[in-house]
Amino acid sequence: MQLFDSHAHLESHKFAHDRDQVVARAHSAGVTRVLSCGSDLPTGEAEVALAREYQGVFAAVGIHAHEAHTALHQAPGQKGGLELDERVWERLRQLAGLPGVVAIGEIGLDYHYDFSPREAQRLVLARQLALAGELDLPVVLHNREADQDLRRLVEAAPRPSRGVLHCFLADQEMADWALARGLYIGVAGPITFEKVRHLPDIVRRVPLDRLLVETDAPYLAPYPKRGQRNEPAFVRYVAERLAGILGLPLDELAQRTTENAYRLFGIS
Ligand SMILES: [Zn+2]
Ligand SMILES: [Zn+2]
């Protein structure tokens with residue numbers, strides 16, 4: 001059995017002391033592929049280096065909603081508003097062209113934490129959707145309590161986006177919208193939580209060729225590892241739960257979601 005963890009953050013300092021073992025445990029658990037996502041330029045650079053170092057690890061580079069303020073500066077003049085920092089885009093474009101980089105991510109909107117001003121989040125997302133279109137790369141989208149604006153910006157992108165709504169937690173309407181646009185649905189640890197009751201019904205309606213599994217490690221560990229540091233090997237718990245919900249053998253679920261990730265990220 002082979003699993004593809006379609007979303008992790010292997011560069012995280014939480015893996016600093018045992019990253020080799022974390023990757024080795026993933027391989028032993030059948031998790032032979034991991035997409036590791038940056039959140040800003042330094043973490044993106046680190047992810048690219050990890051993709052070079054570890055067999056089966058691929059990188060996504062992008063500016064997360066939380067870090068949107070790092071990609072902007074105040075325009076000159078008294079009335080100057082927020083402006084995109086061209087040096088950031090130049091570097092991001094360079095990173096996106098390096099070996100092992102298969103997506104722009106993670107990018108998106110987070111109106112729950114609001115770590116960056118919403119206007120900044122929207123500007124930075126719009127620019128990255130355009131960049132992904134220009135480079136013909138898929139996007140890894142983060143969305144928290146920002147359904148309307150995310151949809152509006154994805155629809156306004158100069159070229160239609162290919163990509164995944166990672167750690168999907170939104171409602172049926174959002175899932176329908178994503179599927180109609182050809183996007184994939186990323187299923188993460190919350191599918192294993194008793195309290196997240198609406199998700200099983202939604203994922204049952206997602207065609208099997210549009211589902212991905214992910215950990216978002218080191219965050220969001222699935223049951224029965226909840227509360228611990230998450231790691232790619234634990235994507236197996238997500239896959240087992242998803243297979244149970246869909247009434248499929250784990251092997252088949254693993255194979256289909258792995259094929260989906262290969263197709264979306266252009267990995268052969
Ligand atoms: Zn996210
Ligand atoms: Zn993430």
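Residues numbered from 1 in each chain as written. Chains lettered and ligands numbered in written order. Predicted model: local features only at pLDDT ≥ 70, side-chain atom pairs only at ≥ 80, totals over all residues. Heavy atoms only, no water.

K.L.:
So what about the coordination of the zinc ion (ligand 2)? Which residues, and what values?
P.N.:
Coordination of the zinc ion (ligand 2) by the protein is provided by His 7 (NE2), His 9 (NE2), Glu 106 (OE) and Asp 216 (OD), with metal-donor distances spanning 2.0 to 2.3 Å. Taken together, the 4 donor atoms coordinating the zinc ion (ligand 2) span angles of 88 to 177° at the metal, a pattern that classifies the geometry as irregular. Along the chain, the residues donating to the zinc ion (ligand 2) are arranged with the sequence spacing H-x1-H-x96-E-x109-D. For the pair the zinc ion (ligand 2) and the zinc ion (ligand 1), the metal-to-metal distance amounts to 3.5 Å, and Glu 106 bridges them. No difference in accessibility class separates His 7 from His 9, as the two residues are buried. (Donors = N, O, S within 2.8 Å, 3.2 Å for Na, K, Ca; no water. Tetrahedral: all angles 85-135°; square planar, octahedral: opposite > 155°, others 65-115°. Buried < 20%, exposed > 50% of the residue type's maximum accessible area, 1.4 Å probe, protein only.)

K.L.:
Talk me through the coordination of the zinc ion (ligand 1); I want residue IDs and the actual numbers.
P.N.:
Every protein donor of the zinc ion (ligand 1) is listed here as Glu 106 (OE), His 142 (ND1) and His 166 (NE2), and their distances to the metal cover 2.1 to 2.2 Å. Coordination of the zinc ion (ligand 1) draws on donor residues from a single chain, spaced E-x35-H-x23-H in sequence.

K.L.:
So what's going on with the packing of aromatic side chains? Which residues, and what values?
P.N.:
How two aromatic rings sit relative to each other is set out by the distance from centre to centre and by the angle between their planes. One pass over the full model with this rule turns up 5 aromatic pairs. Between Phe 4 and Phe 58 the ring centres are 6.5 Å apart and the planes differ by 20°, which places this aromatic pair in the stacked class. Here Phe 4 is found in strand S1 (residues 3-8), whereas its partner Phe 58 is found in strand S3 (residues 57-61), with 54 residues between them in sequence. For the pair Phe 4 and Phe 58, one class covers both residues: buried. Geometrically, the ring pair formed by Phe 4 and Tyr 262 is edge-to-face, given 5.9 Å between the ring centres and 75° between the ring planes. In this pair, Phe 4 sits in strand S1 while Tyr 262 sits in helix H9 (residues 250-265), placing the two residues 258 residues apart along the sequence. The pair Phe 4 / Tyr 262 is uniform in exposure class, with both members buried. The ring of Tyr 111 has Arg 118 lying over it, and the distance from NZ or CZ to the ring centre is 4.2 Å. For the cation-ring pair, Arg 226 lies above Phe 193, with the distance from its terminal atom to the ring centre recorded as 3.5 Å. (Phe/Tyr/Trp six-rings, centres within 6.5 Å; stacked < 30°, edge-to-face > 60°. Helix = DSSP H or I, 4+ residues; strand = E, 2+ residues; numbered from the N terminus. Lys NZ or Arg CZ within 6 Å of the ring centre and 35° of its normal.)

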